[in-house]
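# Summary of structural features
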Protein chains: 2
Amino acid sequence: MTFLKSPSSIEQKSFEIIRKELGQRSWTEAETRIITRMIHTTADFTFADITEISPGAIEAAVTALRSGCHIVTDTNMAKAGVNRNMLERFGIGVSCFIDLPEVEETARSLGITRAMVAMRAASDDPRNRIFAVGNAPTALFELISLHEQQMINPAVVIGVPVGFVGATEAKEALRHTSIPYIITRGRKGGSNVAAAVVNALLHLASNGEVEPQV
Amino acid sequence: MTFLKSPSSIEQKSFEIIRKELGQRSWTEAETRIITRMIHTTADFTFADITEISPGAIEAAVTALRSGCHIVTDTNMAKAGVNRNMLERFGIGVSCFIDLPEVEETARSLGITRAMVAMRAASDDPRNRIFAVGNAPTALFELISLHEQQMINPAVVIGVPVGFVGATEAKEALRHTSIPYIITRGRKGGSNVAAAVVNALLHLASNGEVEPQV
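Residues numbered from 1 in each chain as written. Chains lettered and ligands numbered in written order. Predicted model: local features only at pLDDT ≥ 70, side-chain atom pairs only at ≥ 80, totals over all residues. Heavy atoms only, no water.

### Here we look at unusual backbone geometry
Where we set the bar: Counting from the N terminus, the helices are the DSSP runs of H or I reaching at least four residues and the strands are the DSSP runs of E reaching at least two. Relative accessibility decides the category of a residue: with a 1.4 Å probe and only protein chains considered, values under 20% of the type maximum give buried, values over 50% give exposed, and everything between is partly exposed.
Positive phi is not limited to glycine here, since A43 of chain A has a value of about 55°. Considering the arrangement of structural elements, one finds A43 of chain A in the loop between α2 (29–42) and α3 (47–50). With a relative accessible area of 8%, A43 of chain A lands in the buried category. Backbone geometry places Q150 of chain B, a non-glycine residue, at a positive phi of 55°. Structurally, Q150 of chain B is set in the loop between α9 (137–148) and β5 (156–159). Judged by relative accessible area, which is 73%, Q150 of chain B ranks as exposed.

Structural data, given as structure tokens:
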């Protein structure tokens, strides 16, 4: 069988196709890099229409990444999707607290989601300044609440939970805070989308050069 | 803020909404469980139209899972998305070989994707009988080639790579083999979708009962 086997060629050609099919958009180059990466990971062009980036959010994220902030995800899937080479280059960590025994125990005793308790756990370390939520609307509501209580100081919240119960509402709630955000309006999103946004930000923090990802 | 915080209520309500919006379909209950879970993880109803399940594929997968076969994924993201409680219940493992140093070395020296080499590595253990490919079309082409060489004996191949270069073609190629398959035609799919299909199969193997997932 004849097919492209070189990882860098595959990625380069993919982004060419996406940009061509998107046509002209009124986005900055940085916004384009984030949104094309979301489309790259889903093959779903509706992300071009539902993604909303608050003014200054990208710059805040890039600045925080360059100064070594840490990243928190709501799921292990999102964590697994973050580009390790980029993390190593910046010397930063990505954490997901959902599987900690104490998180599970607290969630069970309170009858709330582990994702909520995991966000509270993340608030213990002030280096945690980029939060990526791809799955649990409850995690996003909890981040908003922690921010109101001044328990977290996010550079950006990537609010892209997917789903039918609470996802749309949680993202709308985030829009009405002072937290810099990158969101997808409506039901769509996902752990893969959250990871894609983190990776796009890491690429942007790395002088804006987009390098092939295998 | 008032919102649903109980994980089981959230999941149950989500599946109710999905089934309602899907309306009547000519699917078996097992097919419905797989496709609704794909929609649950993406909020994308086009999966109802692009998913194709070969005759007997679900039964083959369920039988293999009940007899303790192992699962292989092409990405760590898909692996991270597989329900651990279910795996423990069946005493089965899920592996992703993409980060093995020898895989990376071989891929680099041959100028091919790590995903391809990772599938070759998976062929070493005959217990590996469920393959879930959510990202790399090259992994799917490699599985087809390994099957032609009688180096693997898959119970099912979950062929849902996402993308713009090779994904559609790899899935079409799989349809023309004798391998039992679950695929998404066209560009869409993803590591999250691959994990969702694996989880649906695990639920079906567990006597068909669908239990809440946090």
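### Observations regarding the interface of chain A and chain B
Our working definition: Residues count as neighbours in contact if any of their non-hydrogen atoms are within 4.5 Å of one another. Whenever Lys or Arg places a side-chain nitrogen within 4 Å of a carboxyl oxygen from Asp or Glu, that contact is recorded as a salt bridge. Polar contact is defined as a pair of N or O atoms within 3.5 Å, subject to the rule that within protein one atom must be able to donate a hydrogen and the other to accept it, and that residues adjacent in sequence are counted only when both atoms are side-chain atoms. Classification used: nonpolar for Ala, Val, Leu, Ile, Met, Phe, Trp, Tyr, Cys and Pro, charged for Asp, Glu, Lys and Arg, polar for all others including Gly.
Contacts between the two partners involve 41 residues from chain A and, on the opposite side, 41 residues from chain B. Our count for the chain A to chain B interface comes out at 6 salt bridges. The shortest N-O distance in the salt bridge between D44 of chain A and K188 of chain B comes to 3.8 Å. There are 5 residue pairs in polar contact (both at pLDDT 80 or more) connecting chain A and chain B. Broken down by secondary-structure element, the contributors of at least two residues to the side of chain A that touches chain B are α1 (7–22), α2, α5 (76–81), α8 (114–122) and α9 (137–148) of chain A. Per-element accounting of the side of chain A that touches chain B gives the leading share, 7 residues, to α1 of chain A. Tallied by class, the residues present in the side of chain A that touches chain B amount to 20 nonpolar, 12 polar and 9 charged.

### Observations concerning the UniProt feature "domain: Cobalamin biosynthesis precorrin-8X methylmutase CobH/CbiC" (unreviewed entry) in chain A
For clarity, the threshold we go by: UniProt positions are given in the numbering used here, feature names are shortened, and annotations may be inferred rather than shown by experiment.
Those places that UniProt annotates as "domain: Cobalamin biosynthesis precorrin-8X methylmutase CobH/CbiC" (unreviewed entry) correspond, in this numbering, to residues 10–203 of chain A. Along residues 10–203 of chain A the backbone is 55% helical and 12% strand, and the end-to-end C-alpha distance reaches 18 Å.

### A short note on the packing of aromatic side chains
So the rule is basically this: Two rings belonging to Phe, Tyr or Trp (six-membered ring only in the last case) form a pair when the distance between their centres is within 6.5 Å. Interplanar angles under 30 degrees mark stacking, angles over 60 mark edge-to-face geometry, and anything in between is tilted.
Within the structure shown, the criterion is met by 2 aromatic pairs over all chains. Considering the side-chain rings of F45 of chain A and F164 of chain B, the 5.9 Å spacing of their centres and the 80° angle between planes classify their relative orientation as edge-to-face. Here F45 of chain A is found in the loop between α2 and α3, whereas its partner F164 of chain B is found in the loop between β5 and α10 (167–175) on a different chain.

### Digging into the relation of the copies chain A and chain B
Convention followed: Our superposition of the copies is a least-squares fit, built on the C-alpha atoms of residues whose pLDDT is at least 70 in both.
Expressed as a screw operation, the relation of chain A to chain B combines 0.0 Å of axial shift with a rotation of 180°, fitting to an RMSD of 0.0 Å. What we have between these two chains is a two-fold relation. Considering only C-alpha atoms, the part of chain A nearest the rotation axis is M77 of chain A, at 2.4 Å. Same-surface contact between copies: 100% of interface residues of chain A are shared with the interface of chain B.

### Examining the pairing of strand β6 (residues 181–184) of chain A
On any regular strand, side chains alternate: one points to one face of the sheet, the next to the other face. All names here are of chain A. Which entries qualify depends on this criterion: Should DSSP find at least two bridges between two strands, the strands are regarded as paired. Look down the strands so they point away from you; if the path from the first strand over the helix to the second goes clockwise, the crossover is right-handed.
Every second residue of β6 is oriented toward a common face, with Y181 and I183 on one face and I182 and T184 on the other, all of them buried. Of the strand pairs in this sheet, strand β1 (residues 51–53) and β6 are connected by 3 bridges, and their pairing is antiparallel. Within β6, the position partnered with T51 by the bridge is T184. In this structure, strand β5 (residues 156–159) lies alongside β6, joined through 3 bridges in parallel fashion. Within the sheet, the bridge partner assigned to G159 lies in β6 and is I183. Note on the crossover from β5 through helix α10 (residues 167–175) to β6: the handedness is right-handed.

### Section: the pairing of strand β2 (residues 70–73) of chain A
Residues and elements named next belong to chain A. The alternating pattern of β2 places H70 and V72 and I71 and T73 on opposite faces, both of which are buried. As defined by bridge partners, β2 adjoins strand β4 (residues 128–133) across 4 bridges and the pair is classed as parallel. The residue of β4 that forms the bridge with I71 is I130. Pairing between β2 and strand β3 (residues 94–95): 2 bridges, direction parallel. Of the residues in β3, the one forming a bridge with I71 is V94.

### Here we look at helix α1 (residues 7–22) of chain B
Just so we agree on the cut-off: The span one expects for a helix is its residue count, reduced by one, times 1.5 Å. As used here, the arc is the angular range of directions from the helix axis to the C-beta atoms.
In a regular helix each residue adds 1.5 Å, so 16 residues correspond to 22 Å; α1 of chain B covers 23 Å between its end C-alpha atoms and thus fits that length. Taken together, the buried positions of α1 of chain B are occupied by P7, I10, E11, S14, F15, I17, I18 and L22 of chain B. Seen from one end, α1 of chain B has its buried residues packed into an arc of 160°, which puts them on one side. For α1 of chain B, the exposed residues lying more than 90 degrees away from the buried face are Q12 and K20 of chain B. The inward-facing, buried residues of α1 of chain B contact α9 of chain A together with α2 (29–42) and α3 (47–50) of chain B. Downstream of α1 of chain B by one or two residues, G23 of chain B has phi in the positive range, about 70°.

### Things to note about the packing of α2 of chain A against helix α11 (residues 191–205) of chain A
All names here are of chain A. Applicable threshold: Only C-alpha atoms enter the line fits that serve as axes; for helices the fit covers just the stretch in contact. Angles between N-to-C directions range over 0 to 180 degrees. It is the rotation of the near helix from the far one that decides the hand of a crossing: anticlockwise by less than a right angle makes it left-handed, clockwise makes it right-handed.
The geometry of α2 relative to α11 is characterised by a closest axis approach of 9 Å and an angle of 145° between their N-to-C directions. The two elements α2 and α11 cross, and the hand of that crossing is right-handed. Where α2 abuts α11, its residues A30, R33, I34, R37, M38, T41 and T42 lie against N192, V193, A196, V197, N199, A200, L201, H203 and L204. Of the residues that constitute the contact of α2 with α11, the class distribution is 9 nonpolar, 5 polar and 2 charged.

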